[in-house]
Amino acid sequence: MTSPAGGERPTVGQLRTLFLFESLDDGQLDWLAEHSRVEARGAGSAVYTEGEPATCLYVLLDGTVTMTRRVRGDEVEVIRTAQRGVYGGATQAYLGDQVPQVYINSLRAVGDATFLVLPAETFAHAVRSWFPMAMHLLEGLFIGMQQTQVRVGERERLLALGALSAGLTHELNNPAGAAVRASSVLRDHVAGIRHELATIADGRLDGAALHRLVALQEEVVRRVADSSTLSPLAVSDAEDALVDWLDERDVAAGWELAPTLVAGGVDEAWLGRVEATVGPGNLEPALRWLTHTVDTELLLREIDEAVTRISGLVGAAKQYSQLDRAPYQVVDVHELLDATLVMLRAKIPSGVRLVREYDRALPPVPAYAAELNQVWTNLIVNALDAMGETGTLTVRTGRDGDSLVVAVGDTGPGIPADVRPRIFEPFFTTKPVGEGTGLGLDISYRIVVHKHHGDIRVDSVPGATTFQVLLPLTTTA
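The following refers to the structure shown.

Criteria and thresholds
Within any chain, residue numbers begin from 1 and follow the written order of that chain's sequence. Only residues with pLDDT of 70 or above have their local features reported here, since the model is predicted, and side-chain atom pairs are shown and tallied only from 80 upward, although totals for entire chains, interfaces and linings are computed over all residues. Water and hydrogen atoms were dropped before computing side-chain values, which therefore reflect all heavy atoms in the structure. Stacked, tilted and edge-to-face are the three classes assigned to paired rings of Phe, Tyr and Trp, where Trp is represented by its six-membered ring and a pair needs centres within 6.5 Å; plane angles under 30 degrees give stacked, over 60 edge-to-face, the rest tilted. Charge-over-ring contacts are defined here by two conditions on Lys NZ or Arg CZ: a distance within 6 Å of the ring centre and an angle within 35 degrees of the ring normal. The secondary structure listing takes helices from DSSP runs of H or I that are at least 4 residues long and strands from runs of E that are at least 2 residues long, numbered from the N terminus. For every residue, the accessible area obtained with a 1.4 Å probe (protein chains only) is divided by the maximum for its type, and the residue is called buried under 20%, exposed over 50%, and partly exposed between those limits. Patch definition: residues above 30% relative accessible area lacking any salt bridge, with like charges linked at up to 9 Å and the nonpolar side chains Val, Leu, Ile, Met, Phe, Trp and Tyr linked at up to 5 Å. In this description, accessible areas are obtained by the Shrake-Rupley approach with a 1.4 Å probe, and a residue is regarded as covered only by the protein chains that are shown. When a carboxyl oxygen of Asp or Glu lies within 4 Å of a side-chain nitrogen of Lys or Arg, that pair is called a salt bridge. Only four residue types enter the tally: Lys and Arg on the positive side, Asp and Glu on the negative side; His and the chain ends are excluded. In this description, the location of a charge corresponds to atom NZ of lysine, CZ of arginine, CG of aspartate or CD of glutamate. Paired strands, as defined in this entry, are two strands with at least two bridges between them according to DSSP.

Considerations on the packing of aromatic side chains
- Overall, the coordinates contain four aromatic pairs when judged by the stated rule.
- Feature note: the residues Tyr48, Tyr58, Tyr103 and Phe115 constitute an aromatic cluster, connected by ring pairs.
- Across the ring face of tryptophan 245, the terminal group of arginine 249 is positioned such that the distance to the ring centre comes to 3.8 Å.
- The side chain of lysine 451 reaches across the aromatic face of tyrosine 368, ending 4.6 Å from its centre.

A look at unusual backbone geometry
- One non-glycine residue, aspartate 250, lies in the positive phi region at around 60°.
- Relative to the helices and strands, aspartate 250 resides in the loop between α6 (232-248) and α7 (254-263).
- A residue is classified by how much of its surface remains accessible, and aspartate 250, at 66% relative accessible area, is exposed.
- Even without being a glycine, alanine 253 presents a positive backbone phi close to 50°.
- With respect to the secondary-structure elements, alanine 253 resides in the loop between α6 and α7.

Section: a negative patch on the surface
- Together, Asp237, Asp240, Asp244, Asp247, Asp250, Asp267 and Glu268 make up a region of like negative charge exposed at the surface.
- Take aspartate 247: it is sitting in helix α6.

Notes on the pairing of strand β8 (residues 113-119)
- Within β8, seven of the seven residues are buried, which leaves it mostly tucked inside the rest of the structure.
- When strand β3 (residues 56-62) meets β8, the two strands line up antiparallel, connected through six bridges. Paired with leucine 60 across the strands is phenylalanine 115, a residue of β8.

Read these as geometric descriptors, not functional statements.
Put into structure tokens, the structure is as follows:
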């Protein structure tokens, strides 16, 4: 007998042997038989193709099939089976226009195969009419899960933004506080310079000697700029030598002047030149004037370093947020990684060593930069959480064929083998209740795979876990 939809009509007996329909009554089975058909497919033929409109539900009657999904342009086999009754195709038809009705994978016959074919509208009508309670439950579960995922995802982003903002505020507070302290002390030293200069110039030095002293002041400014950092032992020895030199010449409180002079690169020979210029009677006010000059230059250098640090943090924040840039652009991933690491610096424990292994020869890639920064954030934070207070965080870049690779590795306990297949599932987390939403890796997967047509992989053994993000070097359709 022929089905109205074309092809041979199945019998009620055939339908009853399939686990999908075994609990239906005779009337329901007869209705399905009337509205479905049996189709044969030859070896190697496509049953349906991923991305095309989902028009039918296919139930395997005999033969072997393979189900695949596209990953970065490659067909990846998900399952291969000969189990009678397995099904695929329009499995979400009962949700109607609430979801895109397309095939989410591809099905192909490995050898000759036979299928029971139910049009999507037939399958949807049966589910809605025969199982109204189940329909409400499925609809609520599916739509509720989607809404929950969106809301929790937004909450996840807000929490991450809050943590990053707190970290950035902490990072900005240190150089800002240093600049404020230095500027306050600087005011006192500028006043001291004016006072000591008035004492020196109060008729006790002739004009030529005063000019030579000013020249020495310019020289000490250059010494401060060129001074190098000494070891603690070398600093102690140099200060002791200057204190002895000052004490020999009855300079009061020489122990107060020596640390500043050593920090400015001043030695005994240079102090001898000052003494020769002003004479023993004017040595102490001249040295105090010059010490104030050294202190002023050191404070200006401290302020300059603090302001430069603040400017760098603001630049990193702009690079991380990408607020002033186009969403899709060609980017240097190293700039994105460095900006993310700056934003997360406050979260890196003192016992965790950060290792950067960058291949600077890599070309820029087309990407949604702000979203990639979210991927780096999720991977780095997970790595830090896995290690606790000690370990090594490694951020590495390289190339794999036509893809750029960013790897984030940690020396934590690793991901158990039974957990690994589920780590990219929404809401799955191994963290204690209240400490993780289970969306970080799911969001990262969707950004990398769905939005950038890339791939994300994980290798894990105790003491070495590495997440690899592969991004196409060229734009993909």
